[in-house]
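# Coordinate analysis (summary)
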Amino acid sequence: MTAATWSTDDHSLERHYRKLLLAYPGRYRQRYGTEMITTLLEMASPGQRRPRPGEALHLLASGVRHRLRLPARRPLAVIAAVLLALTMGAFGGAAGSWAGSQTFADLPDDATIARLAQRASGAASDSIQLRVASPWLEESISTTTEVDGAWDAEKARQRFAADGWSVSGITPLGGKAVAFNSDTKSFVDLPMRNSTFSAKSNGLTLQVRGYLTADHGSVHLDGWAQSRPMFLPLIVTGILIGLVVGWLFAAALAYRIVEASAERRRASAGLWAVALAALALPAVALYGNVLRAFRDHGDVGPVFTVHSAFTPGSYYPLGPAWQILALTIAGAVLAGAAIRLARPDSQPKTQEAAIAS
């Protein structure tokens with residue numbers, strides 16, 4: 001079959017082939033695209049308007065394989081690709097974690113928190129309110145209200161139940177209080193009644209804890225959004241996508257660096273090394289949060305999330321509170337500079353030289 005027997009009046013088949021060739025890297029299409037299109041059209045049946053399914057699948061698979069391929073005999077490119085894929089996997093997990101957290105229930109506003117604290121304490125006195133965020137956990141709320149020794153956990157539990165919350169049973173808590181005896185010049189233990197229960201409603205969990213002596217005490221209310229079933233799968237999906245994207249990006253960049261001048265090649269490779277070094281600590285932090293998210297999953301407290309590593313805080317003993325975010329930004333800027341430096345020479349390599357490289 002020759003091209004002369006294939007109708008040129010309808011270019012739909014050629015358009016379909018060109019779309020399928022987008023699976024191949026741009027450098028490959030530039031060198032071999034015309035030849036491939038010509039060969040495919042010569043092999044087509046008269047009147048054929050769409051690629052055959054097996055043919056289309058082969059082109060897509062072959063294109064992806066070429067995108068994943070690294071330059072031959074360049075071990076540093078392999079090492080860089082592995083490191084970049086692992087780094088992008090960590091950031092992909094953070095993206096999946098953030099997407100999953102968007103499905104969580106919203107925490108109540110300050111006025112609602114004040115009403116919940118009053119419901120827990122049964123007192124009209126003001127409570128101390130905090131919104132707690134850390135490099136490990138999703139944001140949560142916490143209140144403390146001073147009460148007298150007559151506070152009753154069962155009555156507080158009934159108030160939440162009457163308001164439509166699903167409440168647990170009451171569980172005793174440990175703990176002790178001490179007072180200084182001026183007569184004996186010593187500390188003495190005070191009897192305490194400590195207890196806790198939880199309440200759930202509309203994706204929120206509240207934990208109420210009361211610590212009481214005979215004449216005085218405090219009631220603590222902690223609240224957090226419950227995790228959703230899709231949360232962990234989204235983290236895994238993000239990691240897998242990040243690994244693939246990282247490798248694809250590394251492969252494309254490796255060929256780009258190879259085709260650059262020697263001076264640009266050295267500068268770009270050096271910047272990439274510094275960029276990966278800057279991103280190493282954030283990647284380790286993100287993978288650490290991945291482990292916590294899976295190990296401590298369950299509605300027993302605020303949800304462990306991956307992206308929370310970017311929350312300013314003392315994630316590591318050394319360094320400022322914002323070091324994870326700062327290193328991420330620095331690494332991204334250095335990576336951008338490395339990409340910009342790795343511009344191919346004005347004269348592309350010959351086909352034989354490209355294959356040899």
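Here the structure is a predicted model, which is why all the values come from computation and not from measurement.

## Details of the overall build of the protein chain
Along the protein chain, the regular secondary structure elements total 10 helices and 9 strands. Each of the 357 residues in the protein chain was classed as buried or not, and the buried ones make up 39%. Look at the contacts in the protein chain between residues 6 or more apart in sequence, and 68% of them connect residues 24 or more apart. As presented, the protein chain carries roughly 19600 Å² of accessible surface, and 62% of it is formed by carbon and sulfur atoms.

## A short note on the pattern of salt bridges
Here the structure, examined in full by the defined rule, presents 8 salt bridges. Of the charged contacts in the structure, one is a salt bridge between Glu154 and Arg157, with a shortest N-O distance of 3.4 Å. With Glu154 and Arg157 both in helix H6 (residues 153-162) and 3 residues apart, this pair spans about one turn of that helix. Taking relative accessible area as the criterion, Glu154 reaches 30% and is therefore assigned partly exposed. Among the residues examined, Arg157 registers a relative accessible area of 22% and is labelled partly exposed. In this structure, Asp222 engages Arg209 in a salt bridge whose closest nitrogen and oxygen atoms are separated by 2.6 Å. Of this pair, Asp222 sits in strand S9 (residues 217-225) while Arg209 is found in strand S8 (residues 204-212), placing the two residues 13 residues apart along the sequence. Just as Asp222 is buried, Arg209 falls in that class too.

## Some words on the environment of Thr213
Here Thr213 is to be found in the loop between S8 and S9. Separated by 23 residues in sequence, Thr213 and Leu190 have C-alpha atoms that sit 6.8 Å apart.

## Side note on the UniProt feature "transmembrane region" (unreviewed entry) in the protein chain
Feature annotation in UniProt places "transmembrane region" (unreviewed entry) on residues 76-99, 230-255, 267-287 and 321-342, given in this structure's numbering. Regarding residues 76-99, the helix share stands at 100% and the strand share at 0%, and the terminal C-alpha atoms are separated by 34 Å. The distance from the first to the last C-alpha atom of residues 230-255 is 38 Å, and the span holds 96% helix and 0% strand.

Rules behind the numbers
- Residues numbered from 1 in each chain as written.
- Predicted model: local features only at pLDDT ≥ 70, side-chain atom pairs only at ≥ 80, totals over all residues.
- Heavy atoms only, no water.
- Helix = DSSP H or I, 4+ residues; strand = E, 2+ residues; numbered from the N terminus.
- Buried < 20%, exposed > 50% of the residue type's maximum accessible area, 1.4 Å probe, protein only.
- Contact = heavy atoms within 4.5 Å.
- Areas by Shrake-Rupley, 256 points an atom, 1.4 Å probe, with all protein chains shown as cover.
- Salt bridge = Lys/Arg side-chain N within 4 Å of Asp/Glu carboxyl O.
- UniProt positions renumbered as here; feature names shortened; annotations may be inferred.

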